[in-house]
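# What the coordinates show
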Amino acid sequence: MIHSNQLLPLRNLEALSNNELLRLLRSDDQLAFTEIYNRYWQTLYAVAYNRLRDQQKSEDVVHDVFSSLWSNRHKSEINNPGAYLATAVKFRVLANIRKELLKQNYIQHPSHSDPAESYDISEALHYKRLLQAVNKEVENLPERCRLVFKYSREDNMPLKQIASEMNLSTSTVENHLNRALKRLRLVIKKLGAAVLSF
C-alpha cells in the first residue's frame, strides 16, 4: 500500500548502497534521509499495520521511528538500516500495545496508579541491548552467510542478484539467508523479546 504522504523518489540517490546513505545521513544530508524514508516506508508501515490494524496509529509509529532516526543521526551506530528500522517499529508497536492495555486496565481499575507512571527507562535499555546483540550476531555470522544477509537487508538486493554477485545458486543464497535469520531470532528470543520476531 502506497500512502499519499510518501515522498517522491530521488533518482540520483537510488543507486547508492545503504552504507553510503548512512554516511551521508551522518553528514546531515536531508536528501539521503529522504531516500532512506522512500526505501523503507512501505515495509515499515506493513510491519506496524500487521500488528496494530489501524492506519493512523501505524503511520504515527513509522513517522516516530523516522523522526528518531533523524534526531539521532549523529549518535546511532547503525550497520543494518533495514533490521534497525524494522526492530524500532516493532518495539514502538509493542510499547503502543502495552500502553493501550495499561489504559484499559486503568479504566477498569481506576484505583490503580496512572498508567504513565508504569513506564521507565528499562524498555529503552532493553531495546538498545537488543539492537546491539543483533548487530553483533550479524558480524559473527560465517563470511558467506554474513555477506548474503547484508546484501539482502542492507543493499536490498534480490536473491537472484546476490546469487550472481557471489557466484552461488539461488537456493544456496536462500539457505544462507534463512540460516542468518534463524540465528538472529534465537538472539532476540534469548533476550526475552520473542514478540519482536523477524
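Given the structure is predicted, the values throughout are model-derived calculations rather than measurements.

Turning our attention to the packing of helix H1 (residues 18-26) against helix H2 (residues 30-52). Interhelical geometry of H1 versus H2 gives an angle of 140 degrees and a closest axis separation of 8 Å. One element, H1, and the other, H2, form an angle in the oblique class. By crossing handedness, the relation of H1 to H2 is classed as left-handed. Across the interface between the two elements, Asn18, Leu21, Leu22, Leu24 and Leu25 of H1 pack against Ala32, Phe33, Glu35, Ile36, Arg39 and Tyr40 of H2. Its residues assigned to classes, the contact of H1 with H2 comprises eight nonpolar, one polar and two charged.

Turning our eyes to something else, we now look at the packing of helix H6 (residues 143-153) against helix H7 (residues 159-166). Look at H6 against H7: their axes get within 10 Å of each other, and the N-to-C directions meet at 135 degrees. In terms of orientation, H6 lies oblique with respect to H7. At the point where H6 passes H7, the crossing takes the right-handed sense. Residues Arg144, Leu147, Val148, Tyr151 and Ser152 of H6 form the contact with H7, whose own contacting residues are Ile162, Glu165 and Met166.

Counted by the stated rule, this structure contains six aromatic pairs. For the pair Phe33 and Phe66, a centre-to-centre distance of 6.2 Å together with 90 degrees between the ring planes defines the contact as edge-to-face. With Phe33 in helix H2 and Phe66 in helix H3 (residues 55-71), the pair connects residues that are 33 residues apart, well separated along the chain. Ring geometry for Tyr45 against Tyr49: centres 5.8 Å apart, planes inclined by 20 degrees, an arrangement best described as stacked. Note that Tyr45 and Tyr49 are positioned in helix H2 at a spacing of four residues, about one turn of the helix. Pairwise contacts between aromatic rings join Phe33, Tyr37, Trp41, Tyr45, Tyr49, Phe66 and Trp70 into one cluster. The positively charged end of Arg73 is found above the aromatic ring belonging to Trp70, 3.8 Å away from the centroid.

Before going further, it helps to spend a moment on the nonpolar core. With 27 residues, the main nonpolar core has Ile36, Leu44, Val62, Phe66, Leu69, Leu85 and Val89 as its most contacted residues. Elements supplying a minimum of two residues to this core: H1, H2, H3 and helix H4 (81-108). Sort the elements by how many residues they give to this core and H2 lands first, with ten residues. If near-sequence neighbours (up to four positions away) are discounted, Leu44 is found in contact with Val62, Phe66, Leu85, Ala86 and Val89. Membership of the second largest hydrophobic core comes to 16 residues, among which are Val138, Ala163, Leu168 and Leu177.

So, about the pattern of salt bridges. Enumeration over the complete set of coordinates arrives at four salt bridges. Across the pair Glu35 and Arg39 runs a salt bridge, and its minimum N-O distance is 3.3 Å. Separated by four residues within a single helix, Glu35 and Arg39 lie in helix H2, roughly one turn from each other. Residue Glu35 is classed as buried on the basis of its relative accessible area, which comes to 5%. Residue Arg183 pairs with Glu137 through a salt bridge whose shortest N-O separation is 2.7 Å.

Turning our eyes to something else, we now look at the confidence of the model for the protein chain. Confidence along the protein chain averages 77 in pLDDT terms, with 74% of residues attaining 70 or more. In the predicted structure, residues 1-11 sits below a pLDDT of 50 and forms 25 contacts with residues beyond four places in sequence or in another chain. In the predicted structure, residues 112-120 sits below a pLDDT of 50 and forms twelve contacts with residues beyond four places in sequence or in another chain.

We now examine the environment of Val148. Topologically, Val148 is positioned in helix H6. Sequence separation between Val148 and Ala163 is 15 residues; the distance between their C-alpha atoms is 8.7 Å.

How each quantity is defined
- Residues numbered from 1 in each chain as written.
- Predicted model: local features only at pLDDT ≥ 70, side-chain atom pairs only at ≥ 80, totals over all residues.
- Heavy atoms only, no water.
- Axes fitted to C-alpha atoms, helices over the stretch in contact; angles between N-to-C directions.
- Helix = DSSP H or I, 4+ residues; strand = E, 2+ residues; numbered from the N terminus.
- Parallel < 35°, antiparallel > 145°, perpendicular 65-115°, else oblique.
- Left-handed = near helix turned anticlockwise from the far one by under 90°.
- Contact = heavy atoms within 4.5 Å.
- Nonpolar A, V, L, I, M, F, W, Y, C, P; charged D, E, K, R; others polar.
- Phe/Tyr/Trp six-rings, centres within 6.5 Å; stacked < 30°, edge-to-face > 60°.
- Lys NZ or Arg CZ within 6 Å of the ring centre and 35° of its normal.
- Core = buried A, V, L, I, M, F, W, Y, C linked by side-chain atoms within 4.5 Å.
- Buried < 20%, exposed > 50% of the residue type's maximum accessible area, 1.4 Å probe, protein only.
- Salt bridge = Lys/Arg side-chain N within 4 Å of Asp/Glu carboxyl O.
- pLDDT = per-residue confidence, 0-100.

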